[in-house]
Amino acid sequence: MKILSLKAREILDSRGNPTIEVELETHKGKFIAGVPSGASTGKHEALELRDGESRRNGLGVLKAVKNIEEIIAPEIINQDVISQNSLDQLILDLDGTEKKSKLGANAMVAVSMAACRALAAEKDVPLYQYINELFNQKREQPLALPRPCFNVINGGAHAGNDLDVQEFMVVPQADTFAENLEIGAEVYQELKSVLKNKIGPSAINVGDEGGFAPALKYPEEAMDFILEASKNKGLQEKIKFILDVAASQFFENGKYKTQMGIFTGVGLANYYFDLISKYPIIGIEDPFAEDDFDSWSLLISRLLPIRQAGKTPAYPAGRQVSKLAVVGDDLTVTNQQRIKLSKEKEACNGMILKINQIGTITEALESASLAKGYEWKIIVSHRSGETGDDFISDLAVGIGAEFIKSGAPARGERAAKYNRLLKIESELKQ
Ligand code: PGA
Ligand code: ZN
């Protein structure tokens, strides 16, 4: 495949901050990619290059744009790109740093994504199928739709309220993506009415990912409102929860400072066990800070004996916790070293996959492959700052991820991903 041109520009993300869009041209057409950006980023993520000057509050990406046009473009224009792997390797060599600090992971991922789209077009296959072929070089994986996780109440760094938990995600349990989307949307709309009636009109203001941001303090309150909304619609048996605690955000001097009080890792683990016993929670993402491996291992080690013995745990009473996914995000940052370290420490049994955390499609697929080898659950994820780009939907299908999270079933940049999945599901049925 010959690349005819490669252009980059600074555009707006969903928060109104600068981000990158690239346009890569081959004889098959022009292929566009938009780069997302996090607010609660992990400290081990690859570097997102920002200009850091007074313009745009330091958030400009003109240096990264320049890196694409002046460093990457001259190396790939008019060259024959034979594979995703060779293209990504070339970009990695041009950067040559561990954290992608020369070119910027945002610059690199933009080119990698656009090239992936162009390579799929070259083969005349949909993007998800091309990604599946890339991934199948490593392991057999049939095409299937991921289960969506809808972030219906926002807290933490994504909202102006006191909720410590960043994301309260509703995970519908129906069999098809279309049904799951409908359930998510019904719960979301009913939650809007419940919050408005019970708290007042300001409770339906939304956070960065389109979920409501009511002035609540405790996780229990948030889940109670969601359950009430689900019940009103007769859907309470059809939903589960995944929480993204994003605990690095409130970890200070070895302690977790929350609205519920100040916890040690052990104290917070006990609190989670209590929550799991009371609510239908199937996953907790970033329950502890990114380097607090002891607490992660403690939570998992309490779950492991239960799983191995295959019997009802003595603690917590009642609910089956053996299936709980303990999911790394800031912990694992889509980085093979961090994933291996987390496995060694038995810190988690699931992970978030975000391509901009690592910088190239090839590396993201390698990370996914590693996690699959460990039999971890994978949640392909958007970022809190997004564009209309729906690449992650094809990625989730291509690698056979169990889950995808793309915020609430509302707001254009979030809906774009869910709508793309609807289309893929209907294509696969034909
Ligand atoms: P971020 O949050 O995109 O702001 O980093 C998403 C997450 O923590 O999963
Ligand atoms: Zn997270």
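Scroll up to find the structure.
Structure report, in brief. (Residues numbered from 1 in each chain as written. Chains lettered and ligands numbered in written order. Predicted model: local features only at pLDDT ≥ 70, side-chain atom pairs only at ≥ 80, totals over all residues. Heavy atoms only, no water.)

**Brief notes about the overall build of the protein**
In terms of regular secondary structure, the protein is built from 13 helices and 14 strands. Taking 22 Å as the expected radius of gyration for a compact globule of 430 residues, we find that the protein reaches 21 Å, a close match to that expectation. With the C-alpha coordinates aligned to their principal axes, the bounding extent of the protein is approximately 65 × 55 × 45 Å. The buried share of the protein, taken over its 430 residues, is 59%. With an accessible surface of roughly 16,700 Å², the protein has 47% of that area assigned to carbon and sulfur atoms. Computed over 51 positive and 60 negative side-chain charges, the inter-centroid distance for the protein is 2 Å. (Helix = DSSP H or I, 4+ residues; strand = E, 2+ residues; numbered from the N terminus. Rg over C-alpha atoms; globule rule 2.2 N^0.38 Å. Buried < 20%, exposed > 50% of the residue type's maximum accessible area, 1.4 Å probe, protein only. Areas by Shrake-Rupley, 256 points an atom, 1.4 Å probe, with all protein chains shown as cover. Lys, Arg positive; Asp, Glu negative; His and termini not counted. Charge placed at Lys NZ, Arg CZ, Asp CG, Glu CD.)

**Considerations on the coordination of the zinc ion (ligand 2)**
The protein atoms that coordinate the zinc ion (ligand 2) are Asp-244 (OD), Glu-285 (OE) and Asp-329 (OD), at distances of 2.0 to 2.2 Å. On the primary sequence, the residues serving as donors to the zinc ion (ligand 2) are separated as D-x40-E-x43-D. Here the residue Glu-285 occupies a position in strand S10 (residues 281-285), and Asp-329 occupies one in the loop between strand S11 (325-328) and helix H9 (336-344), the gap between them amounting to 44 residues. Residue Glu-285 shares its accessibility class with Asp-329, and that shared class is buried. (Donors = N, O, S within 2.8 Å, 3.2 Å for Na, K, Ca; no water.)

**Concerning the site of ligand 1**
Lining the immediate environment of ligand 1, one finds 15 residues, of which Ala-39, His-158, Arg-383, Ser-384 and Lys-405 sit closest. Asp-329 places a polar side-chain atom, nitrogen or oxygen, 3.0 Å from an oxygen atom of ligand 1. Arg-383 is positioned with one of its side-chain polar atoms (N or O) 2.7 Å from an oxygen atom of ligand 1. A breakdown of the residues in the shell around ligand 1 according to their chemical character gives one nonpolar, six polar and eight charged. Looking at the shell around ligand 1, you find at least three residues from each of domain 1 (5-124) and domain 2 (147-429). (Near = heavy atom within 4 Å. Polar contact = N/O pair within 3.5 Å; in protein donor to acceptor, adjacent residues only side chain to side chain. Nonpolar A, V, L, I, M, F, W, Y, C, P; charged D, E, K, R; others polar. Domains from an automatic or database assignment.)

**Focus: the pattern of salt bridges**
By the definition in use, this model includes 29 salt bridges. Across the salt bridge formed by Arg-50 and Glu-48, the nearest N and O atoms sit 3.3 Å from each other. Judged by relative accessible area, Glu-48 falls into the partly exposed class, the value being 27%. Among the salt bridges present, the one from Asp-394 reaches Arg-420, with a minimum N-O distance of 2.7 Å. Here Asp-394 is found in helix H12 (residues 391-399), whereas its partner Arg-420 is found in helix H13 (residues 412-429), with 26 residues between them in sequence. The exposure class of Asp-394 is buried, given its relative accessible area of 1%. The exposure class assigned to Arg-420 is buried, which follows from its relative accessible area of 15%. Taken together, the shared-partner salt bridges in this structure form one network comprising Arg-9, Glu-21, Glu-23 and Lys-30. (Salt bridge = Lys/Arg side-chain N within 4 Å of Asp/Glu carboxyl O.)

Scope: geometric values only; no functional claims are made or implied.
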